[in-house]
Every structure is written in C-alpha cells, then in structure tokens.
2 protein chains.
Amino acid sequence: MTESYDKTRVLIIDDDPKLCRLVKDYLDPMGYDVESAGTGPAGLEKALAGDFQAVILDVMLPGMDGFEVLRRIRQSSTVPVLMLTALGDESDRIVGLEIGADDYLPKTFSTRELLARLRAVTRRSNMTQSQKAENDDEIAIGELRINPASRQAIEGGQILSLTPVEFDLLVTLARSADRVMSRDRLLDEISGRDYEVFDRSIDVHISSLRRKLNDDPKNPRYIKTVRSAGYMLISRPEEA
Amino acid sequence: MTESYDKTRVLIIDDDPKLCRLVKDYLDPMGYDVESAGTGPAGLEKALAGDFQAVILDVMLPGMDGFEVLRRIRQSSTVPVLMLTALGDESDRIVGLEIGADDYLPKTFSTRELLARLRAVTRRSNMTQSQKAENDDEIAIGELRINPASRQAIEGGQILSLTPVEFDLLVTLARSADRVMSRDRLLDEISGRDYEVFDRSIDVHISSLRRKLNDDPKNPRYIKTVRSAGYMLISRPEEA
DNA sequence: CCTTTTTTGTAAAGGTTATGTAAAGGCTGA
DNA sequence: TCAGCCTTTACATAACCTTTACAAAAAAGG
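In this text, all values refer to a predicted model and were calculated from it rather than measured experimentally.

Draft legend 1. Main features of the overall build of chain A. Looking only at helices and strands, chain A has 7 helices and 11 strands in total. Considering only residue pairs separated by 6 or more positions, chain A has 54% of its internal contacts joining residues 24 or more positions apart.

Draft legend 2. The arrangement of unusual backbone geometry in detail. Residue Asp178(A) is not a glycine yet carries a positive backbone phi of 70 degrees. Classification of Asp178(A) by C-beta neighbours within 10 Å gives exposed; the count is 11. In this structure, Asn214(B) takes a positive phi of about 60 degrees despite not being glycine. Along the chain, the position of Asn214(B) falls in the loop between helix H9 (201-213) and strand S10 (223-226). Note on Asn214(B): 13 C-beta atoms within 10 Å, which makes it partly exposed.

Draft legend 3. Representation of the packing of helix H3 (residues 66-76) of chain A against helix H1 (residues 17-27) of chain B in the model. Taken N-terminus to C-terminus, the directions of H3(A) and H1(B) make an angle of 45 degrees; their axes are 9 Å apart at the nearest point. By the angle between their axes, H3(A) is oblique relative to H1(B). The interaxial crossing formed by H3(A) with H1(B) has left-handed handedness. Residues Arg71(A), Arg74(A) and Gln75(A) of H3(A) touch H1(B), and the partners they reach there are Lys18(B), Leu22(B), Asp25(B) and Tyr26(B).

Draft legend 4. Here's a closer look at the protein's contact with DNA strand D. Looking at DNA strand D, there are 24 residues lining it, with Thr163(A), Val165(A), Thr163(B), Val165(B) and Arg200(B) nearest. Counting only elements with at least two residues in the surface near DNA strand D, the list comes to helix H5 (164-175) and helix H7 (201-213) of chain A together with helix H7 (164-175) and H9 of chain B. Residues belonging to the surface near DNA strand D are distributed by class as follows: 7 nonpolar, 8 polar and 9 charged.

Draft legend 5. Broad picture of the protein's contact with DNA strand C. Around DNA strand C there are 20 residues in total, and Asp203(A), Ser207(A), Thr225(A), Ser207(B) and Thr225(B) lie nearest to it. Along the lines of polarity and charge, the residues of the surface near DNA strand C split into 6 nonpolar, 6 polar and 8 charged.

Draft legend 6. Up close: the sheet that holds strand S5 (residues 103-106) of chain A. All names here are of chain A. If you trace the 5 strands from one edge of the open sheet to the other, you get S2-S1-S3-S4-S5, paired in parallel fashion. Each edge of the open sheet is held by one strand with a lone partner, namely strand S2 (32-37) and S5. On average, each strand axis in the sheet is tilted by 25 degrees relative to the strand beside it, whichever way the strands run. Where strand S1 (residues 8-13) lies against S2, 6 bridges are found, and the strand directions are parallel.

Draft legend 7. Region of interest: the sheet that holds strand S8 (residues 152-155) of chain B. Residue and element names in this part refer to chain B. Read from one edge to the other, the open sheet built from 4 strands follows the order S6-S7-S8-S9, with strand pairing classed as antiparallel. Edge strands, defined here as strands with exactly one partner in the open sheet, are strand S6 (139-141) and strand S9 (158-160). Going from strand to strand, the sheet's axes swing by 20 degrees on average, the running direction of each strand aside. Contacts from H7 reach S6, strand S7 (144-147) and S8 within the one sheet, and its direction differs from that of S7 by about 110 degrees.

Draft legend 8. Broad picture of the confidence of the model for chain A. All names here are of chain A. Looking at chain A as a whole, the pLDDT averages 82, with 84% of positions reaching at least 70. Here residues 1-5 scores under 50 on pLDDT; set against residues more than four positions off or in separate chains, the count is 1 contact. Counting contacts from residues 88-97, a segment whose pLDDT is below 50, to residues more than four positions away or on other chains yields 13 contacts.

Draft legend 9. Region of interest: the nonpolar core. The biggest cluster of nonpolar side chains holds 36 residues, and the ones touching the most others in it are Val10(B), Val23(B), Ala54(B), Val55(B), Ile56(B), Leu57(B) and Val81(B). Where this core is concerned, the elements lending two or more residues are strand S1 (8-13), H1, strand S2 (32-37), helix H2 (40-49), strand S3 (54-58), helix H3 (66-76), strand S4 (81-85) and helix H5 (111-126) of chain B. At 6 residues, the largest contribution of residues to this core is made by H1(B). The residues contacting Leu57(B), other than those within four sequence positions of it, are Ile13(B), Gly66(B), Val69(B), Leu70(B), Val81(B), Leu82(B), Met83(B) and Leu84(B). Among the nonpolar cores identified, the runner-up in size contains 31 residues, and Leu44(A), Leu57(A), Leu82(A) and Leu114(A) belong to it.

Draft legend 10. Structural context of the packing of H7(B) against H9(B). Residue and element names in this part refer to chain B. Put simply, H7 and H9 touch, their axes get as near as 10 Å, and they point 85 degrees apart. Taken together, H7 and H9 sit at an angle that is classed as roughly perpendicular. Here Val165, Glu166, Leu169 and Leu170 of H7 lie close against H9, whose contacting residues are His205, Ser208 and Leu209. Considering only residue class, the contact of H7 with H9 consists of 4 nonpolar, 2 polar and 1 charged.

Draft legend 11. Highlighting H9(B). Residues and elements named next belong to chain B. The terminal C-alpha atoms of H9 lie 18 Å apart, and with 13 residues this matches the ideal 18 Å at 1.5 Å per residue to within 8%. Within the span of H9, buried status applies to Ile202, His205, Ile206, Leu209 and Leu213. Looking down the long axis of H9, one finds its buried residues gathered within 100 degrees of arc, a one-sided arrangement. In H9, the exposed residues that point more than 90 degrees away from the buried face are Asp203, Val204 and Arg211. Where H9 is buried, its residues touch S8, H7, helix H8 (183-191), S10 and strand S11 (230-233). Taken from the residues just after H9, asparagine 214 is the one with a positive phi, measuring 60 degrees.

Parameters and conventions
Residues numbered from 1 in each chain as written. Chains lettered and ligands numbered in written order. Predicted model: local features only at pLDDT ≥ 70, side-chain atom pairs only at ≥ 80, totals over all residues. Helix = DSSP H or I, 4+ residues; strand = E, 2+ residues; numbered from the N terminus. Contact = placed C-beta atoms within 7 Å. Buried ≥ 20, exposed ≤ 12 C-beta atoms within 10 Å, placed from the backbone. Axes fitted to C-alpha atoms, helices over the stretch in contact; angles between N-to-C directions. Parallel < 35°, antiparallel > 145°, perpendicular 65-115°, else oblique. Left-handed = near helix turned anticlockwise from the far one by under 90°. Near = placed C-beta within 6 Å. Nonpolar A, V, L, I, M, F, W, Y, C, P; charged D, E, K, R; others polar. Pairing = 2+ DSSP bridges. pLDDT = per-residue confidence, 0-100. Core = buried A, V, L, I, M, F, W, Y, C linked by C-beta atoms within 7 Å. Expected span 1.5 Å × (residues − 1). Arc of directions from axis to C-beta.

Spelled out as structure tokens, the structure:
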C-alpha cells in the first residue's frame, strides 16, 4: 500500500492510457489518489471493490460501453460518476441510457474544470449523506445568539464578524451544546475533510473564534476544551 | 407501509425500464420515494391516484404519448410535471409549455440537473397560497421601494432603470430580506437555470445592481455579500 | 517533586479561494 | 443591421484557511 488512506480516491475508466496518465499526473499533486482502468469490466470491478469518492468514466469503451458500466455501478453503488463525452457529440447519445451520471465532462476539459467538477460532485454527495436538516431557527445560548438564515452571530449585543468556517464551527458546536465534539467530527462537519493527527486547523479556528467571543480558554464562558477529546460549547456558563 | 411520510414522492412515467430503474436507484438513497409506470394509461392512473410531489414524464410513450398524458393530468391535477424531451427538440418544448409542463429535462440529463430541477419544482409547489399568489404589493426597504406590479424600483426618489434580470434579482432578494440567498437559488429563481461551478453571472448582475443602487460592496446599505454563501438584502442598514 | 511526553494555544507565513468588475462575446427581437 | 441585454472571460484584490513553529499547560511516570 503506497498511498495514505485519507486522500480523495478517484477512479478513471478510459481505454486511452495517455488520458489516464494526464489525469493522474494532474490530480496526484493536488492530493488525489488516482487509479485507472482501461476496460469496462476492469473498471466496473474496481469501482465496486475499492471505495472511491468519484469515478470518471469514458462513454466510449471497447467491450462494454460507458453507459452499461454506469448502469451496473448504479445497481449497487451511489458513487458519484462523471461521464466523459465527446465534445458536442450529442446526437449519437443513446436516448434513455444516459442518466445516472452525476455530471458530464467534455473530453476537451481543462484541468481547472476537472478539478471544479470533481469537487462539486464530491461535495454534493457528502451533503446528501448527512441529509442537511436545514434548520434555520435561531439558536440562543447565554448571551449568544446565532442566526443561520442570515449567517449572523451576536454576542452581548455585538455582531461578530466571523469567517465562513468560524460560523459553521460555532453552529455545529451550538447544535450539540454541552456535548463534546471531536476534532474529527468538527472537521468533517465544516469542510468534509478527514482529520489527521497532525491537523491543527480546528484548534486554530477555535482560537480565533474564542478571541472574537472574548472567551478565555482557561476559564471559558462558551467554548471549553476537553483534553484529548475535543471541544464543547457550554450552554450555562458556570463559575469556577 | 414501507415508506416514511415525509419523503418527496416522485413518479416517473417511461416505457424504458432501465431508465426507470436508474432514476429510482439514484433518487432513493437521496431520500426520495420513487414509483414508476411503463405506459401512458398506467402512469396517468398513478399520477391521479397517489399523491406525488413531482412527475417525470417521457414525451415518447407507446400507446398514449406524453403530451396526451400531460393534458389529462392537467384536467384534474396541478402536480408539477417535468417533461423528458429528446435533445434540442424545441417544438416539443413549445407544445408542452402550452399544455402546462413545469420544466424540461433533455434526455441526456445528469443527476445534477435532475436534482436541481426536482428541488426547484417541488420548492415552487410547496409555497403556500399567499406566497404563490405572487404578492404584487409594494416592498419597502429603507429608501428603496419596489413595485412588482409595475416592475419599477425607486431609490431615494429616483426611478432606477433596471434590466429585467436585475429587477427580478432585486425582488427575489427583497422577498427574502435578511436571509442569505445562495447563487444557486438566485439563479434558479430568476432564470430557471441551474448553477454551475464557473457561473459568475449572478455576481455580475449584483455588481451592476449595486452600481445603480449606489451601493458599496464593502459597506453595503442594501446588498451584503455573505462570503461562501451568497448575497443578502439587509432591511435595516446598520452602521459600521 | 522533577522529568518526559502528550496535548493545546496561538502568531505568522504561505498558498488558495472567493469576490468585484471591466471588457468581450453572443443572443434576440425590432 | 443595430441596440440592449445576458453571460463568459479575465484579472486584480481581498479574505480566508491551513500549515508550521514554538511556547505553555497538562498528564504520565518515576
């Protein structure tokens, strides 16, 4: 095993080795873990076996064509699939078979586009997983009021100017007030990333959140550190 | 009873079982409850009997064609109907529009499109009567007055000369004042398109709207940018 | 107690992404 | 054809997120 398991795993199924190489060379340095398959059956097998966060699938494949592969993938998997279609070649698409892909990518895609669509597709599937409850009700905790609809938080009458991640972090903590949230969990909620042991970004965000909340780590009114476990937003600030 | 009551119920009417399966396989895990019908008459019966939040209807059906099915559905139901048309077949669209289709999907749709349109269509039909009545009342926000009936907007006594899209954008923002509207949502409301990763047109419209409103992005009286989330029209311009 | 190890707090740097907007391109209806 | 409008493109800039580094605190172990 040469790859660490936390990367976004992408499978490309295409009979053109050059294209596979191209995609791999481009995505690898961006932190993706790219595998490839040159035929439909091989691709299908890999797609169903290895767990990938996304599959890039050429429509035209020798043996089993892309749509057939897609159909079989869909029989037992909901992995996001990006179909590679020939540019402008819309007329030869087989009516009725072409659904089930999450998005399409023209064969002449730019790397920028590839990356953007990959991200979009993986983000979407992460979102449906947690099935966003979309609760827009205001959350009140002590002097703190959080309004998801306007993405505003007010503490002691002052509007806090929070960055996107800080706001999400605060909402996440608030929705699980008085329960410890692991860094792992927090990171997943706010950015969908996986937590690594050396990842300190949550800590950094917590730090700046505290500064904006005027909160002291040693004697927290809001965010309490739970050593070796995570952070917790406390609903009733008690005096120590 | 196998299904929980709160899922969005979708009926697909298509003679291609593969397509029905694909839609079902894809939508089920996303929290939809999909039923299918293989013929016009069967579909019609189901559409009128079971209560669905949306119907996906193929234009080409053996026996009774899609338009006929749609016409009969419309005789006693206002359920949102998405027509499946062959790609680029403009005349189909025109016919369908007249009969009362709610939206179209090219047969080569991606699930991204499918999901976007399903959401749009169910959102629209979920609106309460008063919301749906397209409230033509004037909206007043600060120095700004918007009159949907005459499609005029006045700011500080001056009539703004807005383009159609700018006006719709302003109305949409105003009707959800103090709530962040995503670009996704805005784009859908004003043009029915679905948002692509590279789409900047909302930003551009916002920019020119701001110019006409004499609004400064950095210190907005009206339209506030909510980074990574969208835009928000603020009803009570606060001092910074 | 004292030392070592683990964990956390936070400043600063560096790279990345989102946004504002001008300009170009393209579509549509007169 | 032209005029008006919408979208796309392109680039500058600002805001942001993560990483790194180091200090401090807490726990563990003696």
